[in-house]
Amino acid sequence: MMRAIASRFLHSYSSPSKLSTMAASRNGRLLSTGPTKVEEPVQVDEAETVEVPPSPTEKLLVLGGNGFVGSHVCREALKRGLTVSSLSRSGRPSVNEAWANEVFWHQGDLLLPESLKDALNGVSSVISCVGGFGSNSHMYKINGTANINAIRAAAEQGVKRYVYISAADFGLVNYLLQGYYEGKRAAETELMIRFPYGGVILRPGFIHGTRQVGSMKIPLGAIGSPLEMVLKHAKPLSQIPLVGPLLTPPVSVDSVARVAVRAATDPVFPPGIVDVYGILRHSQQRSV
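Every chain is numbered on its own, with residues counted from 1 as its sequence reads. The predicted origin of the model limits local features to residues at a pLDDT of at least 70 and limits the giving and counting of side-chain atom pairs to 80 or more, whereas totals for whole chains, interfaces and linings rest on all residues. Excluded from the side-chain calculation are hydrogens and water; included are all heavy atoms of the structure.

## A short note on the overall build of the protein
Piece 1. A run of DSSP states H or I qualifies as a helix once it reaches four residues; a run of E qualifies as a strand once it reaches two. Both are numbered from the N-terminal end. Within the protein, the secondary structure is distributed over nine helices and 13 strands.
Piece 2. In short, Shrake-Rupley with a 1.4 Å probe defines the accessible areas, and a residue's cover is counted only from the protein chains shown. Carbon and sulfur atoms form 59% of the exposed surface of the protein, whose accessible area is close to 15900 Å².

The following block contains the structure:
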């Protein structure tokens, strides 16, 4: 009798369908491959929890790399072992810091797309930190037209991934800065058309950190950091009509830079829009 039971047991797990069923069992979940009902896999928003270093052969182009956010992006990318170049209207910044000597600086104007050709040679990914304020027409031109030109040029050059540092919605403020936000959203739309699988849009709110203005350093973190600590735990408040968007938590420039570089170099980083809370979440993930 024991021999018969053993024979039945072995037979039941020796057929290809049973072995396939067992092979499909991972992480404690059994996904049936037989004629019975198939259990749908669980959809996970962020499958990866470990930040993988980029390949040292990757070349990153930072647009606006001599600005407040752009300079931090350059430093973060260099720290990660990337070859970094930057293009801006003024070219190399006047700062006398070691990181600036490691960046290949290009001078050009995104409103003149042909000035991008040399800077895009051999580039695998782009991060745009280009933006500005002024009249509505000027803001649309800088935030919209200039970035759209860069996105199109990068797509034509065969760039794999493109990260655009945009801005969070601030409700009524959007109407006061109409050209700024219309330009940002136009650039976002172009990015999703040209880079549907490799385009990432970061939408930070107020970005804090130490900002260099001439020879003076302004510690914006003295205000931004405490506000970030309080407001990042008050997400429901941001849903309040009219005033809610004004309660969007600030985020540090280091967090923005870290997530931007990761999004530009990690092939499994999901495309699409990353809001302030997503930036905070991704910036806290572990590195290997």
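That covers the picture; the talk isn't over yet.
## Considering the sheet that holds strand S4 (residues 104-107)
Piece 1. Sheet architecture is open: seven strands sit in the order S4-S3-S2-S5-S6-S7-S12, paired in parallel fashion. Lying at the two open borders of the sheet, with one neighbouring strand each, are S4 and strand S12 (272-274). Taking the axes of each pair of neighbouring strands and ignoring which way they run, one obtains an average angle of 20° across the sheet.
Piece 2. Any two strands with at least two DSSP-identified bridges between them are counted as paired. The sheet contact formed by strand S7 (residues 199-202) and S12 spans three bridges and is parallel. Across the sheet, the residue bridging to Ile 201 is Ile 273, located in S12. For every element, the axis is a line fit to its C-alpha atoms; helices are fit only across the contacting stretch, and the angle between N-to-C directions ranges from 0 to 180 degrees.

## What to know about the side chain of Asn 147
Piece 1. Looking at the secondary structure, you find Asn 147 in helix H4 (residues 136-157).
Piece 2. Residue exposure (1.4 Å probe, protein chains only): buried if accessible area is under 20% of the type maximum, exposed if over 50%, otherwise partly exposed. Given the relative accessible area of 0%, Asn 147 is considered buried.
Piece 3. Within 3.5 Å is the distance limit for a polar contact, defined as a pair of N or O atoms, with the added protein rule that one can donate a hydrogen and the other accept it, and that residues adjacent in sequence qualify only through two side-chain atoms. Within the local environment of Asn 147, its side chain forms a polar contact with the side chain of Ser 128, the two groups lying 2.5 Å apart.
Piece 4. Only 2.9 Å separates the side chain of Asn 147 from the backbone oxygen of Asn 143, close enough to count as a polar contact.
Piece 5. In this description, contact between two residues means that some pair of their heavy atoms is separated by no more than 4.5 Å. If sequence neighbours within four positions are ignored, Asn 147 has contacts with Ser 128, Val 130, Ile 142, Tyr 162, Tyr 164 and Ala 187.

## Description of the environment of Arg 281
Piece 1. For Arg 281, the position within the fold is in helix H9 (residues 276-283).
Piece 2. On the accessibility criterion, Arg 281 (42% relative accessible area) is partly exposed.
Piece 3. Along the sequence, Arg 281 and Val 259 sit 22 residues apart, while their C-alpha atoms lie 9.4 Å from each other.

## Topic: helix H3 (residues 68-79)
Piece 1. What a helix is expected to span follows from its residue count: subtract one and scale by 1.5 Å. Here H3 spans 17 Å end to end across 12 residues, near enough to the 16 Å set by a 1.5 Å rise per residue.
Piece 2. All of the buried residues along H3 are Phe 68, Val 69, Gly 70, Ser 71, His 72, Val 73, Cys 74, Glu 76, Ala 77 and Leu 78.
Piece 3. Phi for Gly 81, located one or two positions after H3, is positive at around 85°.

## Regarding the pattern of salt bridges
Piece 1. Here, a salt bridge means any side-chain nitrogen of Lys or Arg that lies within 4 Å of a carboxyl oxygen of Asp or Glu. Under the definition given, this model contains nine salt bridges.
Piece 2. Residue Asp 169 pairs with Arg 203 through a salt bridge whose shortest N-O separation is 3.9 Å. In this pair, Asp 169 sits in the loop between strand S6 (161-165) and helix H5 (173-176) while Arg 203 sits in the loop between S7 and strand S8 (207-208), placing the two residues 34 residues apart along the sequence.
Piece 3. Using a relative accessible area of 36% as the deciding quantity, one classes Asp 169 as partly exposed.
Piece 4. A residue is classified by how much of its surface remains accessible, and Arg 203, at 16% relative accessible area, is buried.
Piece 5. The closest approach of N and O atoms between Arg 185 and Glu 188, which form a salt bridge, is 2.8 Å. Separated by three residues within a single helix, Arg 185 and Glu 188 lie in helix H6 (residues 178-194), roughly one turn from each other. When sorted by exposure, Arg 185 lands in the same class as Glu 188, which is buried.
Piece 6. Where salt bridges share partners, they join Asp 169, Arg 185, Glu 188 and Arg 203 into one cluster.

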